[in-house]
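In case you want the letters, here they are:
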Amino acid sequence: MKKIKLFSVILILSLLLAGCNNFKLAPSIDDLISPVSPSGDNADVQNAVDEYCKSGYLIKIPSSGDYTTSFIFQDLDNDKNDEAIAFYEPSDDRGTVSLALLRKSTDKWSVVDNVKGEGSDVKSVDFCDVNDDGIKEILVCWSLISKSNSFKLSVYSQEQTDEGYKLKQISDSITAGEFICVDINEDDSNEVVVFNIGSSAVSPKAELYSFKNNKKRLIGETKLDSTIISFESITSGVTDEGLSIYADALKSDGDSMLTEFIYWSNYYDSIVSPFYSYSTGRTSDTTRSSMISCKDIDGDEVVEIPLDASVKKLPEQITAQNWVTYKNTVLNHKCYSYSCKRDSYSLVIDDKHFSNVSVKYDSDKRMLSVISNDSKKECFSIVAMIKSAYNSDNESLKDYTQIFSNSGFIYLAKVNQDADINFTIDDLKNMIKPWG
């Protein structure tokens, strides 16, 4: 009987393999479930692309950035109605990617223009008015080679002509690793700051481009740390130097990060990186071992940089940060935190307590405990649970209170009222800073 059952399984698999050239075994039950069909405008946009690409196509989704969906909706011309864009690989031109722009008229979506891209995939896309025409341009970072850190940044403007609606590329593309669109020199026009990791012969650098009057001009540049191999995140914030940029980068040792802090200098008439040394080729002061990016950690609308805090005997999964801000040409301490990368959160500890507590971490329970150094009593503990595994009726969690929910996790906390350093649940709600 066992042989018959085994033969039946083999026969079924053989038939499946014979009937489908692209057959593969599903790695999980999720792959056996059909994807949900698009609805609403997504479905209408897909129908419009279907109609436009009659020979077939494969949708391409940007791999990073703020827009990582099949169809991206954006009010490009400020008429309070969204346009849509779609990236796709045509079946009759494999290895290329095109950008389709769609508009809605009388309740029907249609492709109004299409341009062939400059790569085989899409890294990211953003929208920003860079030529001062009151209409957002489309900025696309095209991937040239798989797993490469070098990309082509193209900027497309939109024109309404007698022949119809047209996309037009502003000048030639720019070699880029990452980019951000901001008015960094505060001239009431947006510029594009481009970051490149360089090569064995060329150091990493940041370049500032203007696209006023539909002309691309390089108006500033600065060198960056020679050991950078990739950029992890880029954000901006206001400092006493004006609008400043924080570019978090991974170093070549693979175990450390740094932040390139950049702002516009009227004195040099260019962007500058104040912590970069032209004599050493390195950026000092902002390097750390914690793989944590800059953010507004304390909710004061100022971006902080996470440096390593000096703490002995930390659990392997926990790191400690000294968060600093840039002011009066130097980095100033703002607050301390402990972070758990595995559970995707940081815990801000008040300065008056930071040196008086220590932390423990239970990997099996995903529990971080904060202990008083004097009494050796636990002040509180935080448990991170995957949402799908959380059961509010779990007896072992009866003394815990949910304090936050984010990115697939539920965070629960329990305070010890008998500890010599007292915290409340409300305190913990303010102290925990989930990532993402």
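Rules of the game
Residues numbered from 1 in each chain as written. Predicted model: local features only at pLDDT ≥ 70, side-chain atom pairs only at ≥ 80, totals over all residues. Heavy atoms only, no water. Helix = DSSP H or I, 4+ residues; strand = E, 2+ residues; numbered from the N terminus. Contact = heavy atoms within 4.5 Å. Polar contact = N/O pair within 3.5 Å; in protein donor to acceptor, adjacent residues only side chain to side chain. Pairing = 2+ DSSP bridges. Axes fitted to C-alpha atoms, helices over the stretch in contact; angles between N-to-C directions. Buried < 20%, exposed > 50% of the residue type's maximum accessible area, 1.4 Å probe, protein only.

For D420, the position within the fold is in the loop between strand 29 (409-415) and helix 4 (425-431). In contact with D420, not counting residues within four places along its chain, are S372, D374 and S375. Side chain to side chain, D420 and S372 meet in a polar contact 2.9 Å long.

Let us now look at the sheet that holds strand 25 (residues 357-362). Read from one edge of the open sheet, five strands run 25-26-27-29-28, paired in antiparallel fashion. Each end of this open sheet is capped by a strand with a single partner; those strands are strand 25 and strand 28 (401-406). Averaged over all pairs of adjacent strands, the angle between strand axes in this sheet comes to 20°, irrespective of strand direction. Sheet topology note: the strand 25/strand 26 (residues 367-372) ladder contains six bridges and is antiparallel. Bridging from a neighbouring strand, V357 pairs with S372 of strand 26.

The element strand 27 (residues 378-386) is extensively covered by neighbouring structure, given that seven of its nine residues are classed as buried. Examined bridge by bridge, strand 26 and strand 27 share five bridges and lie antiparallel to one another. Residue M367 lies in a different strand from strand 27, and its bridge partner there is V383. The turn joining strand 26 and strand 27, which pair antiparallel and follow one another in sequence, is formed by five residues; a positive phi near 65° is taken by K376. Both strand 27 and strand 29 contribute to a ladder of seven bridges, which runs antiparallel. Of the residues in strand 29, the one forming a bridge with I386 is F409.

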